[in-house]
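Below are the chains, spelled out letter by letter.
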Amino acid sequence: MEEELLRSPAPILRPVRHGNAFEETIERLLQNIKLGLFGVGSKLPAERELAEMLGVSRATLRDALAELQKAGYVDVQRGRYGGTYVCSRPPAGSGSYPELDPAEVDDVLTFRGVLEPAAASLAARATLSPAQRGHLLRTLAEVASAPANLYRPKDARFHVAIAEVAGSPSLALAVADVRSKVSDLLDRIPLIQPNLEHSNRQHQEIVDAILRGDDEAAFKAAQDHLQGTASLLHGFLGHSQPENFPQSTAPRR
């Protein structure tokens, strides 16, 4: 049962607010696709179940899925074995992204630099169940073996998994939110094979520290990993690295 909950996107797929139900339904679905919670080729939950998760009517959900199908994010298949399946995210054309505000980029990366090392530290201090350890190792293996076109959603799923096993649902939601914003930034820069290989080694270091219960090493490994990503983003996006990027140490017991 616990393993099923860890595999399920339900804890991250929060109900929408009803002021802009249609728009927020699209936002929630896209966030979970970008985070790898709905993986490429996977079938979304049944319409009734998905509508209940989101707290919207089935009509609103159908309208949102129709727009996502037009945009190439999902494929709706009919018939006995039909359903809604996640497609590969369509590549954005040149100039299709809105202009970035450097202050917003810095804010996202600074907030991430506070949240994710703390999540890794908490995960290392937690008493992980076999299901939680398996969840962490499974998402690690999936990102390590992912082809280039699936690397970023698998990477995002791994980072959210760390927060999930840390034991704080609120922290997991916060990490999911900030990672979604980071994914939007990463979509603007190329995939670089040496960086992916380095990231995979850093992912392994984070998990090794968590599984042996070394919270300080987990914090430091996560911090080093995020600094590398921030450097790439600042370099490609043309913004200087902020002087106040979090450099704190893990909280001591």
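Residues numbered from 1 in each chain as written. Predicted model: local features only at pLDDT ≥ 70, side-chain atom pairs only at ≥ 80, totals over all residues. Heavy atoms only, no water.

Trainee: Hey, could you run me through the overall build of the protein in this one?
Mentor: In terms of regular secondary structure, the protein is built from 10 helices and 2 strands. In the protein, the succession of helices and strands from N to C terminus is α-α-α-α-β-β-α-α-α-α-α-α. When burial is assessed residue by residue, the protein has 47% of its 253 residues classed as buried. In the protein, once contacts between residues fewer than 6 apart in sequence are set aside, the share between residues at least 24 apart is 71%. (Helix = DSSP H or I, 4+ residues; strand = E, 2+ residues; numbered from the N terminus. Buried < 20%, exposed > 50% of the residue type's maximum accessible area, 1.4 Å probe, protein only. Contact = heavy atoms within 4.5 Å.)

Trainee: Hey, could you run me through the packing of helix α5 (residues 102-125) against helix α8 (residues 169-186) in this one?
Mentor: Each pair of packed helices can be described by the angle between their axes along with the distance between the axes. Relative orientation of the contacting elements α5 and α8 amounts to 135°, with a least axis distance of 9 Å. Classified by the angle between their axes, α5 and α8 sit oblique to one another. Crossing handedness for the pair α5 and α8: left-handed. Mapping the contact onto sequence places Val105, Val108, Leu109, Phe111, Arg112, Leu115, Glu116, Ala119 and Leu122 in α5 and Leu171, Ala174, Val175, Val178, Arg179, Lys181, Val182 and Leu185 in α8. Residue composition of the contact of α5 with α8, by class: 13 nonpolar, no polar and 4 charged. (Axes fitted to C-alpha atoms, helices over the stretch in contact; angles between N-to-C directions. Parallel < 35°, antiparallel > 145°, perpendicular 65-115°, else oblique. Left-handed = near helix turned anticlockwise from the far one by under 90°. Nonpolar A, V, L, I, M, F, W, Y, C, P; charged D, E, K, R; others polar.)

Trainee: What's the story with empty space enclosed by the protein in this structure? I'm lost.
Mentor: Sizing a probe to match a water molecule and rolling it over the atoms shows the empty space that remains. What the rule picks out here adds up to 1 cavity of 30 Å³ or more. Taken together, Glu116, Ala119, Ala120, His159, Ile162, Ala163, Val175, Ile206, Ala222, His225 and Leu226 make up the lining of the largest cavity. Where the lining of the largest cavity is concerned, the elements lending two or more residues are α5, α7 (148-165) and α10 (215-237). Grouping the constituent residues of the lining of the largest cavity by class yields 8 nonpolar, 2 polar and 1 charged. (1 Å grid on protein atoms, 1.4 Å probe; cavity = no way out; pocket = protein on both sides within 12 Å on 5 of 7 lines; lining within 4 Å. Points joined across faces, edges and corners; volume = space filled by probe spheres on them.)

Trainee: Is there a simple way to explain a negative patch on the surface in this structure?
Mentor: Together, Glu99, Asp101, Glu104 and Asp107 make up a negatively charged patch on the protein surface. Along the chain, Asp101 falls in the loop between β2 (83-86) and α5. (Patch = residues over 30% accessible without salt bridge, like charges linked within 9 Å, V, L, I, M, F, W, Y side chains within 5 Å. Areas by Shrake-Rupley, 256 points an atom, 1.4 Å probe, with all protein chains shown as cover. Salt bridge = Lys/Arg side-chain N within 4 Å of Asp/Glu carboxyl O. Lys, Arg positive; Asp, Glu negative; His and termini not counted. Charge placed at Lys NZ, Arg CZ, Asp CG, Glu CD.)

Trainee: Would you take a moment to explain the pairing of strand β1 (residues 74-77) for this structure?
Mentor: Across a regular strand the side chains alternate sides, sitting on one face of the sheet and then on the other. Where burial is concerned, the two faces of β1 differ: the one with Val74 and Val76 is buried and the one with Asp75 and Gln77 is not. As judged from the 4 bridges shared by β1 and β2, these two strands associate in the antiparallel manner. Across the sheet, the residue bridging to Val76 is Thr84, located in β2. Connecting β1 to the antiparallel partner β2 that follows it, the hairpin turn spans 5 residues, and Gly79 within it adopts a positive phi of roughly 100°. (Pairing = 2+ DSSP bridges.)

Trainee: I tried to follow the nonpolar core on my own but got confused; where do I start?
Mentor: What tends to happen in soluble globular proteins is that the nonpolar side chains get buried as a cluster. Membership of the largest hydrophobic core comes to 37 residues, with the highest contact counts inside it found for Ala120, Phe158, Ile162, Ile206, Ile210 and Leu233. Put simply, the parts of the chain that give this core at least two residues each are α5, α6 (130-144), α7, α8, α9 (193-211) and α10. Broken down by element, this core gets its largest block of residues, 8 residues, from α5. Core analysis: the second largest hydrophobic core is formed by 19 residues, Val16, Leu29, Met53 and Leu61 among them. (Core = buried A, V, L, I, M, F, W, Y, C linked by side-chain atoms within 4.5 Å.)

Trainee: Even after reading the chapter, I still don't get the pattern of salt bridges, so can you show me in this structure?
Mentor: Pairing between side chains of opposite charge can happen when the charged atoms of each approach one another. Taken as a whole, this structure holds 10 salt bridges when the rule is applied. Among the ionic pairs, Asp215 bridges to Arg125, the shortest N-O distance being 3.5 Å. Of the two residues, Asp215 is situated in helix α10 and Arg125 in helix α5; the sequence distance between them amounts to 90 residues. Using a relative accessible area of 6% as the deciding quantity, one classes Asp215 as buried. Of the charged contacts in the structure, one is a salt bridge between Arg157 and Glu164, with a shortest N-O distance of 3.2 Å. The residues Arg157 and Glu164 share a single accessibility class, namely buried. Among the ionic contacts, a cluster of salt bridges with common partners joins Glu47, Arg58 and Arg62.

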